[in-house]
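Overview (structure and organization)
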Amino acid sequence: MKIIAMIPARYSASRFPGKLMKDLGGKPVITRTYEATVNTKLFDDVIVVTDSDIIYDEITKIGGQVMMSQKEHDCGSDRIAEAVEDLDIDIVVNVQGDEPFTELESLEKLIQVFKDDDEKQVDLASLMVHITDWEEIKNPNTVKVIIDKQKFALYFSRSPIPYPRDESVDVKYYKHKGVYAFRKEALMDFYRLPMLTLEASEKIECIRYLEYGKRIKMVETSVQGVEIDTPEDLERAKKLWK
């Protein structure tokens, strides 16, 4: 299989504009993410795809691979799909540009899902982390996922799922980490299919796959890291980097 990593990198993020060019240990966040992904040595290619001349110039400056997105997109999957449409590849791993702590073990687990899937029952694979802090579980910025016995995703939500109606039940809550691995054909289906109401309501792009009957295999990881969505997240990342 030919496996590549794509890093969607939008400059004007709604909650924290310009976050990918903020300094993290002497380099921009997007550069840290790109270098961490390359350093896993898991991919035939690692490519940043961006709508920003600033980010394009930064990745070019360090000798990295980068493509300009030709269209406006609502989500990273659409941006990646446009970029890979004409590439001869099998698996695309979407590494979020604001994930500078991307590491080898978690990505290896994602890729292994497809190597073990001889019957091609898996359309996507993605990461989840067990969380216990109720404040994090309630936080709408934390996307939660519930799974079936085979660890296929049943639903994603910004609300606490499942709702603890019976607090005596020992429920495990999982946070969805925005790292995906797609079969190329599943990604292109996503690109061509319109957004439906559940995705529109929650503003969680992977719900579109579920609404159209795709199967998402969830892989548990113990690596939390820091996703940089807010200025506060950036400060946490700086402390962790030190």
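Reading the values: the criteria
Residues numbered from 1 in each chain as written. Predicted model: local features only at pLDDT ≥ 70, side-chain atom pairs only at ≥ 80, totals over all residues. Heavy atoms only, no water. 1 Å grid on protein atoms, 1.4 Å probe; cavity = no way out; pocket = protein on both sides within 12 Å on 5 of 7 lines; lining within 4 Å. Points joined across faces, edges and corners; volume = space filled by probe spheres on them. Helix = DSSP H or I, 4+ residues; strand = E, 2+ residues; numbered from the N terminus. Nonpolar A, V, L, I, M, F, W, Y, C, P; charged D, E, K, R; others polar. Buried < 20%, exposed > 50% of the residue type's maximum accessible area, 1.4 Å probe, protein only. Axes fitted to C-alpha atoms, helices over the stretch in contact; angles between N-to-C directions. Parallel < 35°, antiparallel > 145°, perpendicular 65-115°, else oblique. Left-handed = near helix turned anticlockwise from the far one by under 90°. Contact = heavy atoms within 4.5 Å. Phe/Tyr/Trp six-rings, centres within 6.5 Å; stacked < 30°, edge-to-face > 60°.

Let us look at empty space enclosed by the protein. Where empty space is left can be seen by rolling a probe of water-molecule size over the atoms. Inspection of every chain in the model, using the stated rule, returns one cavity of 30 Å³ or more. If you go around the largest cavity, the residues you meet are Glu 99, Phe 101, Thr 102, Glu 103, Ser 106, Leu 107, Leu 127, Lys 177, Val 179, Val 223, Gln 224 and Gly 225. If you list the elements that add at least two residues to the lining of the largest cavity, you get helix H4 (104-115) and strand S10 (173-183). Of the residues in the lining of the largest cavity, the class split is five nonpolar, four polar and three charged.

Attention shifts here to unusual backbone geometry. With an omega of -5°, the peptide bond between Ile 161 and Pro 162 qualifies as cis. Within the element layout of this structure, Pro 162 appears in the loop between strand S9 (153-157) and S10. Phi is positive for Lys 41, close to 60°, though the residue is something other than glycine. With respect to the element layout, Lys 41 can be found in the loop between helix H1 (29-39) and strand S4 (45-50). For Lys 41, a relative accessible area of 73% corresponds to the exposed category. Backbone geometry places Lys 151, a non-glycine residue, at a positive phi of 65°. Relative to the helices and strands, Lys 151 is located in the loop between strand S8 (144-147) and S9. On the accessibility criterion, Lys 151 (36% relative accessible area) is partly exposed.

At their nearest, the axes of H1 and helix H2 (residues 53-61) sit 10 Å apart, and the two run at 45° to each other. Accordingly, the angle class assigned to the pair H1 and H2 is oblique. Considering how the two elements wind past one another, H1 and H2 form a crossing that is right-handed. Along the contact surface, H1 presents Ile 30, Thr 31 and Tyr 34, while H2 presents Ile 55, Glu 58 and Ile 59.

This brings us to the packing of aromatic side chains. Overall, the coordinates contain five aromatic pairs when judged by the stated rule. Their ring planes at 25° and their centres at 5.7 Å tell us that Tyr 180 and Phe 182 sit as a pair that is stacked. Of the two residues, Tyr 180 and Phe 182, neither departs from the other in class, the shared state being buried. Taken together, a centroid distance of 5.9 Å and an interplanar angle of 35° make the contact between Phe 182 and Tyr 209 tilted.

Once that is clear, we can look at the layout of surface pockets. Here the largest pocket is characterised by a volume of approximately 1500 Å³. As for the largest pocket, its lining consists of 45 residues, and the residues nearest its centre are Arg 15, Lys 19, Asp 98, Arg 158 and Asp 229. Of all the elements in the fold, those that place two or more residues in the lining of the largest pocket are strand S1 (3-9), helix H3 (76-84), helix H5 (134-138), S10 and helix H9 (231-241). Broken down by element, the lining of the largest pocket gets its largest block of residues, five residues, from S10. Residues that form the lining of the largest pocket fall into these classes: 11 nonpolar, 13 polar and 21 charged.

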